[in-house]
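# Survey of secondary and tertiary structure
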Amino acid sequence: MTNPKLKIGIILGSTRDGRVSPQVGEWVKGIADQRGDADYEIVDIADYKLPFLGTTDGSEPGIAAWNQKLASLDGFVFVVQEYNHSITGALKNALDFAREAWNDKAAGIVSYGSTGGARAAEHLRGILGELKVADVRTHPTLSLFTDFENGSVFKPADLHQTNMTAMLDEVNAWSGALKTIR
Ligand SMILES: Cc1cc2nc3c(=O)[nH]c(=O)nc-3n(C[C@H](O)[C@H](O)[C@H](O)COP(=O)(O)O)c2cc1C
């Protein structure tokens, strides 16, 4: 019997009105789907309507749904945008709202910002270590100046395709390996 395909979630890290992350997420999914090696889906934090951690009794259905969604996934691609040299508050809140559902899985990061979102991505790597998520090395970095028209219409340069392929190769290999220890 063949192993079922890995399930990889493409997590949109921003939730604000007018965000560009859905455009980037669709681009990631388009490249990923062509591979046929895993089931890729976009996971939009905004859909879960998570409250701010610690401000409610935790009974909002979105909290359980968020944990169930993460638990159903074998790996992640984080679409990360840089806010004040770090990740968004929404992504940090969503990361904090789960624990075991993250553990022993792999992740890749695609980031954007004025310097490719590099500072936000490096902050995320520190957080992922605590959540026992193994973050892969290859990291496509998109520039707000050259990969977006007017900072809002996503038009990625061709060169990112190579990095995307390498990153997805790594996420798949590590997601498959880590599945064996869960
Ligand atoms: C509150 C805030 C802070 C920001 N700080 C930075 C920053 O420190 N570095 C940077 O490169 N871009 C920064 N930006 C620009 C964002 O990276 C850019 O607006 C990007 O499109 C945000 O992603 P989103 O459209 O998916 O929300 C900031 C944007 C916001 C809203």
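Thresholds, definitions, all that
- Residues numbered from 1 in each chain as written.
- Predicted model: local features only at pLDDT ≥ 70, side-chain atom pairs only at ≥ 80, totals over all residues.
- Heavy atoms only, no water.
- Helix = DSSP H or I, 4+ residues; strand = E, 2+ residues; numbered from the N terminus.
- Contact = heavy atoms within 4.5 Å.
- Expected span 1.5 Å × (residues − 1).
- Buried < 20%, exposed > 50% of the residue type's maximum accessible area, 1.4 Å probe, protein only.
- Arc of directions from axis to C-beta.
- Phe/Tyr/Trp six-rings, centres within 6.5 Å; stacked < 30°, edge-to-face > 60°.
- Near = heavy atom within 4 Å.
- Areas by Shrake-Rupley, 256 points an atom, 1.4 Å probe, with all protein chains shown as cover.
- Nonpolar A, V, L, I, M, F, W, Y, C, P; charged D, E, K, R; others polar.
- Right-handed = clockwise from strand over helix to strand, strands pointing away.
- Pairing = 2+ DSSP bridges.

Here the focus is the environment of Val-171. For Val-171, the location among the structural elements is in helix H5 (residues 160–179). Those residues in contact with Val-171 that sit more than four places away from it in its chain are Ile-8, Phe-76, Ala-106, Ala-107, Gly-108 and Val-136.

Under the 1.5 Å per step criterion, the end-to-end length of helix H1 (residues 21–33) is 18 Å for 13 residues, consistent within 8% with the ideal 18 Å. Within H1, the full set of buried residues consists of Ser-21, Val-24, Gly-25, Trp-27, Val-28, Ile-31 and Ala-32. Axial view of H1: buried residues confined to an arc of 160°, hence all on one face.

Here the focus is the packing of aromatic side chains. Counted under the stated rule, the structure contains 8 aromatic pairs. Where Phe-76 meets Trp-102, the ring centres are 4.9 Å apart and the plane angle is 65°; that geometry is what we call edge-to-face. Of this pair, Phe-76 sits in strand E3 (residues 75–81) while Trp-102 sits in the loop between helix H3 (89–96) and strand E4 (105–113); the two residues are 26 residues apart in sequence, bridging distant segments of the chain. With relative accessibility at 0%, the residue Phe-76 sits in the buried group. Exposure remark for Trp-102: the relative accessible area of 0% places this residue in the buried category. Note on Phe-78 and Trp-102: the rings are 5.8 Å apart at their centroids and 35° apart in plane angle, and the pair reads as tilted.

Taken together, 14 residues lie around the ligand, and Ser-14, Arg-16, Tyr-83, Tyr-112 and Ser-114 are the ones closest in. Expressed as a share of its isolated accessible area of 610 Å², the protein-covered part of the ligand is 75%. Looking at side-chain class alone, the shell around the ligand contains 4 nonpolar, 7 polar and 3 charged residues.

Now for the pairing of E4. Looking along a regular strand, one sees the side chains alternate between the two faces of the sheet. The element E4 is extensively covered by neighbouring structure, given that 9 of its 9 residues are classed as buried. Taking every second residue as pointing to the same face, both faces of E4 are buried, with Lys-105, Ala-107, Ile-109, Ser-111 and Gly-113 on one and Ala-106, Gly-108, Val-110 and Tyr-112 on the other. Once the chain exits E3 it traverses H3 before rejoining the sheet at E4, and the crossover so formed is right-handed. Sheet analysis places E4 next to strand E5 (residues 133–135), joined by 3 bridges and oriented parallel. Bridging across to E5, Ala-106 finds its partner in Ala-134. Once you follow E4 into helix H4 (residues 118–130) and on to E5, the crossover reads as right-handed. Relative to strand E6 (residues 141–143), E4 runs parallel, the two sharing 3 bridges. Following the sheet pairing, Gly-113 is matched in E6 by Ser-143.

Bringing the environment of Ala-106 into the picture now. Looking at where Ala-106 falls in the secondary structure, it is placed in strand E4. Judged by its relative accessible area of 0%, Ala-106 is buried. Spatially, the C-alpha atom of Ala-106 lies 5.3 Å from that of Val-133, the residues being 27 residues apart in sequence. Once residues within four sequence positions are removed from consideration, Ala-106 is found in contact with Asp-74, Gly-75, Phe-76, Val-133, Ala-134, Val-171, Trp-174, Ser-175 and Leu-178.

From the geometry alone we can't say anything about function, so treat these as descriptive.
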